[in-house]
Amino acid sequence: MRKVIGIGETVLDIIFKNEQPIGAVPGGSVFNGIISLGRAGVNATFISEAGNDRVGRNIIQFLKDNNVNANNINVYPDSKSPLSLAFLDENNDAEYLFYKNHPNDKLDFIYPDIHEDDIVMFGSYYAVNPVIRPQVMGFLEYAKQKGAILYYDVNFRSSHQRDLMKITPNLLENLEMADIVRGSYEDFQVIWKKDDPDRVYQSEVSFYCKKFIYTQGALPVVLRAEGGFKKEYPVISCQTVSTIGAGDNFNAGLVYGMIKYGVTRQHIQQGLSEEQWDNIIHCAQLFCADCCQRISNSISEEFGAQMRREAEDYVNSMSGTEEDNA
């Protein structure tokens, strides 16, 4: 059974509306997507560290409760859990403040078992943080050697802009390691001061990675790939309650789609067909839309159960087709 391995930070997201707290949810960029994949029935593992406190214990239990393997979460004796404050504006878009003592990052872990066509999700500042770069890069190289598909979400916040010069070599290495790269318009405005997806792809990304997804809020999702392939996808409209976790769940849905529709590393190397792209981006948008309809960082358990059933039905229908052809 194929599995997904996420590597990233764990935080407690405290959510504010009109300057008053309205909720607190375990979170983290890759963490949010991994929780959704666990709810959707995907075999998921998460690599990270958690604080040696009540919040850290709750986060580890939250992973387990959502069917995610938490054996690779390290807890250091004197560590405290990081916090993220998310302030929702009148459009329910979030502005963030982060509280974390990065010098305490160590990231000691045993590599999980990885097989060909497993998928590794990585991204945000965690993926470029110089303090833990050797460990992150070592793991990515190991995963690639084992034949895993590497999915990179740039997710570089303006709060880290002062670190841009320092982390740029790590960012470029990540682009080169990745099989698929996704980023939002905010990411590329911060990093390269560019807001046109074709300029970003042609001048900054395509040299390193040919498969590029550019998201821009309520505007269409832009896809660029090898051979001059171009397509745009209108977003699924929904009643947005919060955009926290929207991009993270887009990632989760796309990875879910790759597993549901049997997209392998060989397909990635050969180049995906338009039908394959349509299928996996549709899944990405479904996950994103569900997440945005509530104060939560991930898809609902009900939607996850629906996705689990649909994946099982699809696999069964394909098995029946293969038997009929035989």
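Because the structure is predicted, anything quoted here is derived from the model rather than measured.

Engineer: Any chance you could explain empty space enclosed by the protein here in plain terms?
Structural biologist: Where empty space is left can be seen by rolling a probe of water-molecule size over the atoms. Within this structure, the stated rule accounts for one cavity of 30 Å³ or more. Along the walls of the largest cavity sit Ser29, Val30, Gly33, Met121, Phe122, Tyr151, Asp153, Asp248 and Asn251, which together make up its complete lining. Secondary-structure elements contributing two or more residues to the lining of the largest cavity are α1 (29–39), β8 (119–123), β9 (149–153) and α7 (246–260). At three residues, the largest contribution of residues to the lining of the largest cavity is made by α1. Tallied by class, residues from the lining of the largest cavity come to four nonpolar, three polar and two charged.

Engineer: Please clarify how α7 should be interpreted in this entry.
Structural biologist: Note that an α-helix has 3.6 residues per turn; residues three or four places apart therefore point the same way. An ideal rise of 1.5 Å per residue puts 21 Å on 15 residues; α7 measures up with 21 Å between its terminal C-alpha atoms. A large share of α7 lies buried, amounting to 13 of its 15 residues.

Engineer: Could you clarify how one ought to interpret the pattern of salt bridges in this entry?
Structural biologist: Proximity of charged atoms lets side chains of opposite charge pair with each other. Overall, the coordinates contain 14 salt bridges when judged by the stated rule. For Lys166, the salt bridge identified is with Asp163, shortest N-O distance 3.6 Å. The exposure class assigned to Lys166 is exposed, which follows from its relative accessible area of 53%. Between Asp198 and Lys230 there is a salt bridge, with its nearest N and O atoms 3.9 Å apart. Of this pair, Asp198 sits in helix α6 (residues 197–205) while Lys230 is found in strand β13 (residues 229–233), placing the two residues 32 residues apart along the sequence.

Engineer: Would you mind going over the sheet that holds strand β10 (residues 180–184) with me for this structure?
Structural biologist: Either a parallel or an antiparallel arrangement is found when strands of a sheet pair, and the pairing is made through backbone hydrogen bonds. Strands sit in the order β5-β4-β1-β8-β9-β10-β11-β12-β13 across an open sheet of nine strands; the sheet is mixed. Unpaired on one side and paired on the other, β5 (68–75) and β13 mark the two borders of the sheet. Across this sheet, the average inter-strand angle for adjacent strands is 15°, counted without regard to direction. Where β10 and strand β11 (residues 212–216) come together, four bridges link them in parallel fashion. Across the sheet, the residue bridging to Ser184 is Thr215, located in β11. Seen against the sheet, α6 touches β11, β12 (219–225) and β13 and runs at an angle of roughly 145° to β11.

Engineer: Looking at this structure, how should I read the state of the cysteines?
Structural biologist: Chemically, a disulfide is nothing more than a covalent bond linking the sulfur atoms of two cysteines. Considering all chains together, one arrives at zero disulfides under this definition. No disulfide involves Cys288; its sulfur sits 4.3 Å from the nearest other cysteine sulfur, which is in Cys292. A relative accessible area of 19% means that Cys288 is categorised as buried.

Engineer: Quick question: what am I supposed to make of the packing of α7 against helix α9 (residues 274–292) here?
Structural biologist: When two helices pack together, their arrangement is given by the angle between the helix axes and by the axis-to-axis distance. It is at 7 Å that the axes of α7 and α9 come closest, and there the two elements cross at 140°. Here α7 and α9 pass one another in a crossing that is right-handed. For the pair α7 and α9, the contacting residues are Ala246, Asn249, Phe250, Ala252, Gly253, Leu254, Tyr256, Gly257 and Met258 in the first and Ile280, Ile281, Cys283, Ala284, Gln285, Phe287, Cys288, Cys291 and Cys292 in the second.

Engineer: What should I look at first to understand the nonpolar core in this one?
Structural biologist: One broad rule of soluble globular proteins: the nonpolar side chains tend to lie buried together. Core analysis: the biggest nonpolar cluster contains 49 residues, and Ile34, Leu37, Leu254, Tyr256, Met258 and Trp277 have the highest contact counts within it. Element by element, the count of residues in this core is highest for α9, at eight residues. If sequence neighbours within four positions are ignored, Ile34 has contacts with Val4, Ile5, Gly6, Ala44, Thr45, Phe46, Val68 and Met121. Counting residues in hydrophobic clusters, the runner-up holds 42 residues, among them Ala143, Ala148, Val154 and Met177.

Engineer: Please clarify how the packing of aromatic side chains should be interpreted in this entry.
Structural biologist: Here the distance between the centres and the angle between the planes together describe a pair of aromatic rings. In total, this model carries 18 aromatic pairs according to the counting rule given. Summarising the aromatic geometry, the rings of Phe16 and Phe87 are spaced 4.7 Å apart at their centres and angled 20° between planes, so their arrangement reads as stacked. One end of the pair, Phe16, is in strand β2 (residues 11–17); the other, Phe87, is in strand β6 (residues 83–88), with 71 residues separating them in the sequence. Here the aromatic cluster, defined as three or more aromatic residues joined through ring pairs, consists of Phe188, Trp192, Tyr201, Phe212 and Tyr214.

About the thresholds
For every chain, the first residue of the written sequence is number 1, and numbering continues from 1 onward in sequence order. The predicted origin of the model limits local features to residues at a pLDDT of at least 70 and limits the giving and counting of side-chain atom pairs to 80 or more, whereas totals for whole chains, interfaces and linings rest on all residues. Where side-chain values are given, they derive from all heavy atoms of the structure, hydrogens and water being excluded. Any residue with an atom within 4 Å of a point lines the site, the site being either a cavity, points on a 1 Å grid over the protein atoms alone where a 1.4 Å probe fits but cannot get out, or a pocket, an open set with protein on both sides within 12 Å along at least 5 of 7 lines. Grid points are joined across faces, edges and corners, and a volume is the space filled by probe spheres set on the points. Under the scheme used here, helices are H or I runs from DSSP no shorter than 4 residues and strands are E runs no shorter than 2 residues, and both carry numbers assigned from the N terminus. When residues are grouped by polarity, Ala, Val, Leu, Ile, Met, Phe, Trp, Tyr, Cys and Pro land in nonpolar, Asp, Glu, Lys and Arg in charged, and all others, Gly among them, in polar. Multiplying 1.5 Å by the helix residue count minus one yields the expected span of that helix. For every residue, the accessible area obtained with a 1.4 Å probe (protein chains only) is divided by the maximum for its type, and the residue is called buried under 20%, exposed over 50%, and partly exposed between those limits. Any Lys or Arg side-chain nitrogen found within 4 Å of a carboxyl oxygen on Asp or Glu counts as a salt bridge. When DSSP finds at least two bridges between two strands, those strands are taken to pair. Orientation is described by lines fitted to C-alpha atoms, with helices fitted over the stretch in contact, and by angles between N-to-C directions that extend from 0 to 180 degrees. Note on contacts: a residue pair qualifies if any of its non-hydrogen atoms lie within 4.5 Å across the two residues. In what follows, a disulfide is any cysteine sulfur pair within 2.5 Å. Note on convention: near helix rotated counterclockwise from far helix by under a right angle means a left-handed crossing. Clockwise means right-handed. Among buried residues, the Ala, Val, Leu, Ile, Met, Phe, Trp, Tyr and Cys ones that are joined through side-chain atoms within 4.5 Å form a nonpolar core. Classification of ring pairs rests on two measures: the distance between centres of Phe, Tyr or Trp rings, Trp counted by its six-membered ring, which must be within 6.5 Å, and the angle between planes, read as stacked under 30 degrees, edge-to-face over 60 and tilted in between.

Geometric descriptors of this kind do not, in isolation, establish any biological role.
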